[in-house]
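A structural walkthrough
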Amino acid sequence: MKLRGWKTLILLMVLTLFLAACSGGSSETGKGSDSPTGKNPASDRGNEVVIGLSSDPQSWDPIDTFLLDWSTVATSVFEGLVERSLDLELQPGLAESWEYLDDSTLEFKLRQGVVFHNGEPFNADAVKFTFDRLLGEEGQKGPQYSNYKSIKEVEVVDEFTVKMHLQSPDPVLLTKLAGYGAVIVPPKYVQEKGDDHFNNNPVGTGPFKMTEYKRDQQFVLEKNADYWKEGLPKLDKVTFKVIPESSTRLAELQTGKIDIMKRVEVAQAATVKQSDFLELKDVGTPTVFSLRFDTAQEPMDDVRVRQAINYAIDKDAIIKEILGGFGKPISTFQSDLSFGNNPDLKPYPYDPEKAKALLAEAGVAEGTTLEVFIPGNDGNFKEITQAVSFYLEEVGIKLNINSVDGTTLISDLIPKGDAGHMYRNGWGGWTLDYDNTAYLMYHEGEQWNPTFKDEKVEELLAAQRATVDQEEREAIFMELTTLLYELAPEVNLYQAVDLYAVNKRVENFQPPHEDRMRLEEVTVK
Amino acid sequence: MLAYVIRRLLHTILVVFVISLIIFFSVRLTGDPVSVMFSAGEPSKEAIAELRSNLGLDKPLAIQYGIFLKGLLTLDFGESFRSGMPVGTLIFERLWATIALALGGIFVAILIAFPVGILSAVKRGTGVDFFGRIFSLIGISFPNFWLGIMLILVFSVQLQWLPSSGFESIKHLILPSITLGMILSGILARLVRSSMLEVLNQQYISTAKSKGISEWSVIIKHGFRNALLPTVTFLGMQFGSLLGGTVIVEQVFSWPGIGRLIIDAINQRDYPVIQGGVIFLAIIMVVVNLLVDLSYSLIDPRIKAGRGSQ
């Protein structure tokens, strides 16, 4: 029996080695050319593009959504009065022009001759219906309503003119009209078919119409032949497939089952680059990551300690080594795409000596232990935190890493101030205006700001909201960013870069900064 | 028999009630669905309070539970916070994919485990037995996540024989079924082997052999049929848990199953979907158990439902 036990073990080891050799072999060959002949496996698909996404937004109704994946698909189906281009410029959409009549009235001249996918005409009534619905009982049940509370109501002037009356000046209103809750929906269709039907069968004015929706599986968009932009879209069909696991998404791309892969992981970048028929595209996003301090806890209430930690960490090394260079340094909690970003501020330099001096000055004892909370499902950030822990150890601070359920962290621990001395803070800021970030991060008592407060910060935050004069707001933001840089309520780590992998048969695809894919100009070889 | 079935069904109601209590209160222990819903946008604290009240989450827990229970009685699980769709619809949309995968996994497991287990038992102590047991050990030890990705690399990327994701045709079912079946077959093969060994040592087997019936006929007709009982119990229980417990395989192969629905709902703290999904699985589990018990009397006529299986 004893002998047999040994035999089993040895055989098992041999088998394991064998399996390991098999798997090693397959990934090695995978690195080279993906198909043995070097032929593009998707070359005979026709005038169609297939895109792999990681999740299904579950609901297409614009007033119900809050997900980036919604905007990836819905940008092709729905349109707003204003359009935001891939280069983030605001330009006319369903409105040909607009004008502030006074501080609280905005007038839009609407585009004529536009029809919804179901044949319904687009006009002032559709605009009024959309905003009545968003601001009314239906909309208040969803997460979009709060974005548009500055609008009091929409008034129909004539068939192609509307006036938007505002409760209060809203400097970011126009960019908010370019997406999400403010896209225009067809009144008759929604009223006749009901919300549940609309949820699953969206109808808009966009370049493509949705012809099939299989929840959690795939969505099919077909060309809108009556689209108002001359000669667009160029593709006949776009299919989105929901493939949650990134290695499976990559496998589908390598075998030509999909043409564009969203959310490529840093570890997969090399495989994509080495393929003959794939191309890697990277694009900076508005999403930023920091380690936010809980300023109510000792010793984080001392600004010198907060600054010391900023000096102690080599952020450039983290971006280069852990993120493979796919990340950008930031000086405040916003990306360089954001209105209000201060180009004159440079991130805290890596200076451990200065950090030590500041800590000594603040009277922090060598070997002090700090608690950090991070979400357990973010492997990259776990590595980053380990690197941070190493850097802090160099200046005499021990970091105790608590890896917890991400949802609990965001929705429970952070709002209650139970997330240790510091925690991972990630933020998107889709309006690309620092107001969206700064107000919610530093205004006293906001959901995700349980403890930080500063009177001067409050004053500046209120001042920039009281005006629509962008130059004045920019000046306020420059002052605010300089102040927050000094106060250091967080260690700003990096701006996220999104990776897309694209089959070379696809042409004119420009990856979006903020997940909103534009497909009307895309063509195939 | 009928009285037994009725008693078991009443039993089910009790089980569902207890589970409804546990699930209702436990999902509310951590996390807040409203904060999660605002992952993009401008959630001021007023907006959050407003949405919470619109979803009925500001009512006292006892009242919320009452509403939930009232819905259960009419088989109305409520609407998803996230998609606004009725939870019943969400579950039934995925039911077919889930059952197909569970059956596929069990089919593969049977296909592998029965021959391996029977051969191991019959050729006990020989090289065949040795390999059989090694095989089942490996089956048990495989992380199914890794196995799934390996199968994709070999059969989808390299050989390009089979699709790697989606739920479209019978071909799409092959790789996920093998992944699931491999893991299951390890345990099943061991079970078949040990039950077979037990039966093969019985006197009636020797008697049958001495009557001159061919060896394989004895093994299958007399041995295997009697060894089937624990195996069926095991498979029945497995089928129940496979309906909700194949999340990892569903994730790797983009399979639209109930497991993924519930896991996504947990991450979003989508209370109605979590509650509805768990209650649904509990009901299935109890019903499958009942069916397994009833099937005993088919396999072994000596067992009478109501007495034998108590």
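Keep in mind the model is a prediction, meaning the values are calculated, not measured.

A few points about the interface of chain A and chain B
Across the boundary between the two partners, chain A contributes 64 residues, which contact 60 residues of chain B. Counting each side, the surface lost to burial between chain A and chain B is near 5200 Å², with a carbon and sulfur contribution of 54%. Joining chain A to chain B, the criterion identifies four salt bridges. For A:R215, the salt bridge identified is with B:E93, shortest N-O distance 2.6 Å. Of all the elements in the fold, those that place two or more residues in the side of chain A that touches chain B are α1 (2–31), α7 (195–200), β10 (237–242), α8 (246–254), α14 (406–416) and α15 (434–442) of chain A. Broken down by element, the residue count for the side of chain A that touches chain B peaks at 11 residues, all from α1(A). Here the residues of the side of chain A that touches chain B sort into 18 nonpolar, 26 polar and 20 charged.

A closer look at the sheet that holds strand β6 (residues 151–158) of chain A
All names here are of chain A. Strand order in the open sheet formed by four strands is β4-β5-β7-β6, and the pairing between neighbours is antiparallel. Looking at which strands have only one partner, the edges of the open sheet turn out to be β4 (95–102) and β6. Strand-to-strand, the axes of this sheet are offset by a mean angle of 20°, without reference to chain direction. Across five bridges, strand β5 (residues 105–110) lies against strand β7 (residues 161–166) in antiparallel orientation. Bridge assignment links T105 to a residue of β7, and that residue is H165.

Some words on the confidence of the model for chain A
Residues and elements named next belong to chain A. The predicted model of chain A averages 88 in pLDDT, with 93% of residues at 70 or higher. Within chain A, no element has a lower average pLDDT than α1, which sits at 45, and none a higher one than strand β11 (residues 260–261), at 96. Contacts of residues 16–37 to residues separated by more than four positions or lying in other chains number 18 contacts, the stretch itself having pLDDT below 50.

Focus: the domain arrangement of chain A
Residues and elements named next belong to chain A. Assigned domains within chain A: domain 1 (5–21 + 284–497), domain 2 (35–55 + 204–283 + 498–524) and domain 3 (78–187). Between the C-alpha centres of domain 2 and domain 3 there is a distance of 29 Å. The interface is formed by 17 residues belonging to domain 2 together with 18 residues belonging to domain 3. Both sides together, the interface formed by domain 2 and domain 3 hides about 1700 Å², and carbon and sulfur atoms give 52% of it. Taken as a group, G204, T205 and W228 account for 39% of the area that domain 2 buries against domain 3, more than any other trio of residues on that side. Joining domain 2 to domain 3, the criterion identifies three salt bridges. Summed over the shared surface of domain 2 and domain 3, the number is 12 residue pairs in polar contact (both at pLDDT 80 or more). The residue inventory of the side of domain 2 that touches domain 3, partitioned by class, reads five nonpolar, six polar and six charged.

Things to note about the nonpolar core
By size, the foremost hydrophobic cluster in this structure holds 152 residues, and its most contacted members are A:L81, A:F108, A:L110, A:F122, A:F131, A:M164 and A:F240. By residue number, the principal contributor to this core is helix α5 (residues 87–122) of chain B, which donates 14 residues. Lining this core are residues from two domains, each supplying at least three of them: domain 2 (35–55 + 204–283 + 498–524) and domain 3 (78–187) of chain A. With sequence-adjacent residues up to four places away left out, A:L110 is seen in contact with A:L81, A:L94, A:A95, A:E96, A:F122, A:N123, A:A124, A:V127, A:E159, A:F160, A:T161 and A:V162. Judged by nonpolar contacts, the second largest core, of 39 residues, contains A:I318, A:I374, A:Y485 and A:Y494.

Some details on the packing of α5(B) against helix α10 (residues 215–244) of chain B
Residue and element names in this part refer to chain B. Following both chains from N to C, one finds α5 and α10 inclined at 145°, their axes separated by 10 Å at the closest point. Note that α5 runs across α10; the crossing there is right-handed. Taken together, the residues of α10 that come into contact with α5 (itself represented by T98, I99, A102, L103, I106, I110, F114, I118, L119 and V122) are E215, W216, I219, I220, F224, L228, T231, L235, F239, L242 and L243. Looking at the contact of α5 with α10 residue by residue, the classes come out as 18 nonpolar, two polar and one charged.

Topic: helix α7 (residues 144–158) of chain B
All names here are of chain B. Here α7 contains 15 residues, and its C-alpha end-to-end distance of 20 Å stays within 8% of the 21 Å for a straight helix at 1.5 Å per residue. Its maximal kink placed at I152, α7 deviates by approximately 25°. Among all positions in α7, only L147, G148, I149, M150, L151, I152, S156 and V157 are buried. Of the residues trailing α7, Q160 is marked for its positive phi of about 55°.

Some words on empty space enclosed by the protein
Unfilled space is identified by rolling a water-sized probe across the atoms. All names here are of chain A. Tallied over the full model, the rule gives nine cavities of 30 Å³ or more. Here the largest cavity defines a volume of roughly 260 Å³. Around the largest cavity, the lining is made up of 25 residues, and of these T75, F78, E83, A178 and R518 lie nearest the centre. Contributing elements (two or more residues each) for the lining of the largest cavity: α2 (68–74) and β2 (82–84). The class makeup of the residues in the lining of the largest cavity is 11 nonpolar, six polar and eight charged.

Side note on the packing of aromatic side chains
Any two aromatic rings considered together are summarised by their centre-to-centre distance and by the angle between their planes. Residue and element names in this part refer to chain A. In this structure the tally under the stated criterion is 32 aromatic pairs over all chains. Residues W60 and F219 carry aromatic rings whose centres are separated by 5.1 Å and whose planes lie at 80° to one another, so their mutual orientation is edge-to-face. Here F219 lies in strand β9 (residues 218–223) and W60 lies in the loop between β1 (48–53) and α2, a separation of 159 residues in the sequence. The same class applies to W60 and to F219, which are both buried. Ring geometry for F219 against F240: centres 6.3 Å apart, planes inclined by 35°, an arrangement best described as tilted. Here the residue F219 occupies a position in strand β9, and F240 occupies one in strand β10, the gap between them amounting to 21 residues. There is no split in this pair, since F219 and F240 are both buried. One aromatic cluster is present, built from ring pairs that chain together W70, F78, Y180, Y189 and F198.

Description of a nonpolar patch on the surface
Residues and elements named next belong to chain B. On the surface, L14, F17, V18, L21, I22, F25 and L61 cluster together into a nonpolar patch covering about 600 Å² of accessible area. The element contributing the most residues to the nonpolar patch is helix α1 (residues 2–27), with six residues. Take F25: it is sitting in helix α1. Residue classification places F25 among the partly exposed residues on the basis of a relative accessible area of 33%.

As for unusual backbone geometry
All names here are of chain A. P233 follows L232 through a cis peptide bond whose omega is -5°. Relative to the assigned elements, P233 resides in the loop between β9 and β10. Looking along the chain, the bond that leaves E298 and enters P299 is cis, with omega of -5°. Residue position: P299 is located in the loop between β12 (278–293) and α10 (303–312). Phi is positive for A488, close to 45°, though the residue is something other than glycine. Structurally, A488 can be placed in the loop between α17 (470–487) and β17 (490–503). A488 gets classed as buried once you look at its relative accessible area, which sits at 3%.

Rules and cut-offs
- Residues numbered from 1 in each chain as written.
- Chains lettered and ligands numbered in written order.
- Predicted model: local features only at pLDDT ≥ 70, side-chain atom pairs only at ≥ 80, totals over all residues.
- Heavy atoms only, no water.
- Contact = heavy atoms within 4.5 Å.
- Buried area = accessible area lost by both parts, 1.4 Å probe.
- Salt bridge = Lys/Arg side-chain N within 4 Å of Asp/Glu carboxyl O.
- Helix = DSSP H or I, 4+ residues; strand = E, 2+ residues; numbered from the N terminus.
- Nonpolar A, V, L, I, M, F, W, Y, C, P; charged D, E, K, R; others polar.
- Pairing = 2+ DSSP bridges.
- Axes fitted to C-alpha atoms, helices over the stretch in contact; angles between N-to-C directions.
- pLDDT = per-residue confidence, 0-100.
- Domains from an automatic or database assignment.
- Polar contact = N/O pair within 3.5 Å; in protein donor to acceptor, adjacent residues only side chain to side chain.
- Core = buried A, V, L, I, M, F, W, Y, C linked by side-chain atoms within 4.5 Å.
- Buried < 20%, exposed > 50% of the residue type's maximum accessible area, 1.4 Å probe, protein only.
- Left-handed = near helix turned anticlockwise from the far one by under 90°.
- Expected span 1.5 Å × (residues − 1).
- Bend = angle between axes of the 7 residues up to and from the residue.
- 1 Å grid on protein atoms, 1.4 Å probe; cavity = no way out; pocket = protein on both sides within 12 Å on 5 of 7 lines; lining within 4 Å.
- Points joined across faces, edges and corners; volume = space filled by probe spheres on them.
- Phe/Tyr/Trp six-rings, centres within 6.5 Å; stacked < 30°, edge-to-face > 60°.
- Patch = residues over 30% accessible without salt bridge, like charges linked within 9 Å, V, L, I, M, F, W, Y side chains within 5 Å.
- Areas by Shrake-Rupley, 256 points an atom, 1.4 Å probe, with all protein chains shown as cover.

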